[in-house]
Amino acid sequence: MRELSRRRFAVGFAPRRAGWWLLIASSLVGAGMVVWALLPGARMFPVAAIMGVVFTAPLVLGWWWLLRLPQLWNRVSGSGAIAAMAWGACAAAGIYALPANSALIAVLGQHAGIDASHQWGAALIAPFTEETSKALGIAVVLLAAGQRLRTPMDAALLGAF
């Protein structure tokens, strides 16, 4: 039972670690970029924006509860989970996904046509940018936590957050 309750990847206040500063700075910059990208749409469609926030809160709480259950090998600490979620919601979305997806879909539109890029752009481009940002997120959280992956399940847990 002790194995199931053991926690890993705690990301506390660690200003001596470069990974900690990288996580904080990229999360703040990413949050700003997400707000900057979504604010015009929220102003144009305020009801949809409010509904998005209202429906996102229970979804986040449900995922938090589900992923915080004791895992088979380790349980990711609360601070590590928050760091991974901050990376995914802010840095991965704002710095990587939004700019890269739109730029690559525009390139696809130039070569495959506008209709093809509108129909297939997200399906073809998003896996490359999203999986790359997940891998970078795992690396940044590990740098901030100062721990190493012991099993592939450790990486899967961090990537899931």
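Here, residues in each chain are numbered from 1, in the same order as that chain's written sequence. This being a predicted model, a pLDDT of at least 70 is required before a residue's local features are given, and a value of 80 or more before pairs of side-chain atoms are given or counted; all residues contribute to the totals for chains, interfaces and linings. Only hydrogens and water are removed before side-chain values are computed, so all heavy atoms of the structure are retained for them.

Chemist: Explain the overall build of the chain to me, using residue names and the numbers behind them.
Modeler: Within the chain one finds six helices and two strands. When a residue's accessible area, from a 1.4 Å probe over protein chains only, is under 20% of the maximum for its type it is buried; when over 50% it is exposed; and in between it is partly exposed. Within the chain, the proportion of its 161 residues that are buried is 30%. Contacts are assigned to residue pairs with any non-hydrogen atoms lying within 4.5 Å of each other. Considering only intrachain contacts with a sequence separation of at least 6, the fraction spanning at least 24 residues in the chain is 75%. In the structure as shown, the chain presents an accessible area of about 10,300 Å², 73% of it carried by carbon and sulfur atoms. Secondary structure elements are defined from DSSP: runs of H or I of at least 4 residues count as helices, runs of E of at least 2 residues count as strands, and each element is numbered from the N terminus. Per-residue and other accessible areas were derived by the Shrake-Rupley procedure at a 1.4 Å probe size, with only the shown protein chains allowed to occlude residues.

Chemist: Can you tell me about helix α5 (residues 114-145), naming the residues and giving the values?
Modeler: The end-to-end C-alpha distance of α5, which contains 32 residues, comes to 44 Å, matching closely the 46 Å that a straight helix rising 1.5 Å per residue would cover. The angle between axes fitted to the seven residues ending at a residue and the seven residues starting there is what we call the bend at that residue. Bending of α5 peaks at approximately 65° at the position of Trp-120. Multiplying one less than the number of residues by 1.5 Å gives the expected span of a helix.

Chemist: Which residues make up the packing of helix α2 (residues 18-44) against α5, and what values go with them?
Modeler: The geometry of α2 relative to α5 is characterised by a closest axis approach of 6 Å and an angle of 130° between their N-to-C directions. On the basis of the axis angle, α2 is oblique to α5. Crossing hand, α2 versus α5: left-handed. Note on element contacts: α5 touches α2 through Val-140, Leu-143 and Ala-144, opposite Gly-19, Trp-20, Leu-22 and Leu-23. Residue polarity follows a fixed list, in which Ala, Val, Leu, Ile, Met, Phe, Trp, Tyr, Cys and Pro are nonpolar, Asp, Glu, Lys and Arg are charged, and the others, Gly among them, are polar. Residues belonging to the contact of α2 with α5 are distributed by class as follows: six nonpolar, one polar and no charged. Think of each axis as a best-fit line through the C-alpha atoms, taken over the contacting stretch in the case of a helix, with angles from 0 to 180 degrees between the N-to-C directions. Angular relationships are summarised with four words: roughly parallel below 35 degrees, roughly antiparallel beyond 145, roughly perpendicular across 65 to 115, and oblique for the angles in between. What makes a crossing left-handed is the near helix being turned counterclockwise from the far one by less than a right angle; a clockwise turn instead makes it right-handed.

Chemist: Would you mind going over the environment of Glu-131 in detail, with residue names and values included?
Modeler: Take Glu-131: it is sitting in helix α5. Considered as a pair, Glu-131 and Ala-97 are 34 residues apart in the sequence and their alpha carbons are 9.9 Å apart.

Chemist: Report on the packing of helix α4 (residues 78-112) against α5, specifying residues and quantitative values.
Modeler: Two numbers describe how α4 lies on α5: the axes approach to 7 Å, and their chain directions differ by 150°. For the element pair α4 and α5, the recorded crossing hand is right-handed. Here the residues of the contact of α4 with α5 sort into 19 nonpolar, eight polar and no charged.

Chemist: Got a sec to walk through the packing of aromatic side chains? Specific residues and values, please.
Modeler: Ring pairs shown here join Phe, Tyr and Trp side chains whose ring centres sit within 6.5 Å, with only the six-membered ring taken for Trp; geometry is labelled stacked below 30 degrees between planes, edge-to-face above 60, and tilted in between. Enumeration over the complete set of coordinates arrives at one aromatic pair. With centroids separated by 6.1 Å and ring planes inclined at 40°, the aromatic side chains of Trp-87 and Tyr-96 adopt a geometry described as tilted. Using a relative accessible area of 5% as the deciding quantity, one classes Trp-87 as buried.

Chemist: Give a description of the confidence of the model for the chain that names residues and reports values.
Modeler: Per-residue confidence from the predictor is reported as pLDDT, a score between 0 and 100. Model confidence for the chain is summarised by a mean pLDDT of 79, while 76% of its residues fall at 70 or above. Mean pLDDT values over the elements of the chain span from 48, in helix α1 (residues 2-5), up to 88, in α2. Throughout residues 1-5 the model reports pLDDT below 50, and contacts reaching past four residues in sequence, or to other chains, amount to six contacts.

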